[in-house]
Amino acid sequence: MNLSGSITLFQYWNRLRDGRPAPKRTEVEPADIKTLLADTFILEKDTRGEAVFRLAGTRLCAIYGRELKGFSFPSLWREKDQRLMARLIQGVFQQKSVVLATYEGFSRAGRSTRFELLALPLDGGAEHPRCLGIISTAEKPFWLGADPIVDVLIDSIRVIDPEREPLFLKNRPAISVPALAPSELEAPQTISEFGRARRIRHLVVLDGGREE
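The notes below deal with the structure included here. This one's a predicted model, so the numbers in the text were calculated from it and none came from an experiment. (Residues numbered from 1 in each chain as written. Predicted model: local features only at pLDDT ≥ 70, side-chain atom pairs only at ≥ 80, totals over all residues. Heavy atoms only, no water.)

### A short note on the overall build of the protein chain
Secondary structure assignment for the protein chain yields four helices and eight strands. Shown N-terminal to C-terminal, the secondary structure of the protein chain runs as helices and strands in the order α-β-β-α-α-β-β-β-β-α-β-β. The buried share of the protein chain, reckoned over its 212 residues, is 50%. Long-range pairs, those at least 24 residues apart, make up 59% of the contacts in the protein chain with a sequence separation of at least 6. For the protein chain, the computed accessible surface area is about 10,600 Å², with 49% contributed by carbon and sulfur atoms. (Helix = DSSP H or I, 4+ residues; strand = E, 2+ residues; numbered from the N terminus. Buried < 20%, exposed > 50% of the residue type's maximum accessible area, 1.4 Å probe, protein only. Contact = heavy atoms within 4.5 Å. Areas by Shrake-Rupley, 256 points an atom, 1.4 Å probe, with all protein chains shown as cover.)

Shown next, in the form of structure tokens:
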């Protein structure tokens, strides 16, 4: 976790959950994270079970050049990566996993900049799972927000168990992520079965579970 926005949101979420798998969605107070709101989002499941934006910050909408509310989260990614991203978010919804990703975004005019995405589970009950997240960038190029991001190339993805993983992840190396076709993906439940740290395709699953 390299960017201050991701670290600050993770700290806030971690305090709210207070040892639980996830805090309740009603516990999140926008005023507590007002400096992050422009870059944050909340995902929910639609009637088809797909992750869609329930809320999205103003800067995030400007980056993609459209209002993201109601928009499909997987559709932000390249077609061959959409199934992977959908499964990762389902892991956030169902297994209360934490996902950290870095990617390069390409604008309509061919410019590019790098982003960091953090996705955190919220407890909305079995029927109403939620995901709280942030997308931020270390650089603030002059064109960002005026020249929309229209293509994305994933650099790295990490599935984190916050019970085991140190709070600050700045010095842990990320894994390079080659683009995969949907047929090459593992079953989603294998991503969230925490045991010893192990490699699954191009992901890393870190040790998880609480000590008895």
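Next comes the rest of the write-up.
### Concerning unusual backbone geometry
Positive phi, normally seen in glycine, also occurs at D18, with a value near 50 degrees. Relative to the helices and strands, D18 is located in the loop between α1 (4-17) and β1 (40-45). Given the relative accessible area of 64%, D18 is considered exposed. Although it is not a glycine, K96 adopts a positive phi angle of roughly 60 degrees. Looking at where K96 falls in the secondary structure, it is placed in the loop between α3 (79-95) and β3 (98-107). The class of K96 is partly exposed, set by a relative accessible area of 24%.

### Quick look at the pairing of strand β6 (residues 149-160)
Of all 12 residues in β6, nine are buried; the element is thus mostly enclosed. In terms of strand pairing, β3 meets β6 through 10 bridges, oriented antiparallel. Bridge assignment links L100 to a residue of β6, and that residue is R158. (Pairing = 2+ DSSP bridges.)

### Observations regarding the environment of L36
Take L36: it is sitting in the loop between α1 and β1. Note: C-alpha distance between L36 and S4 (32 residues apart in sequence) is 9.9 Å.

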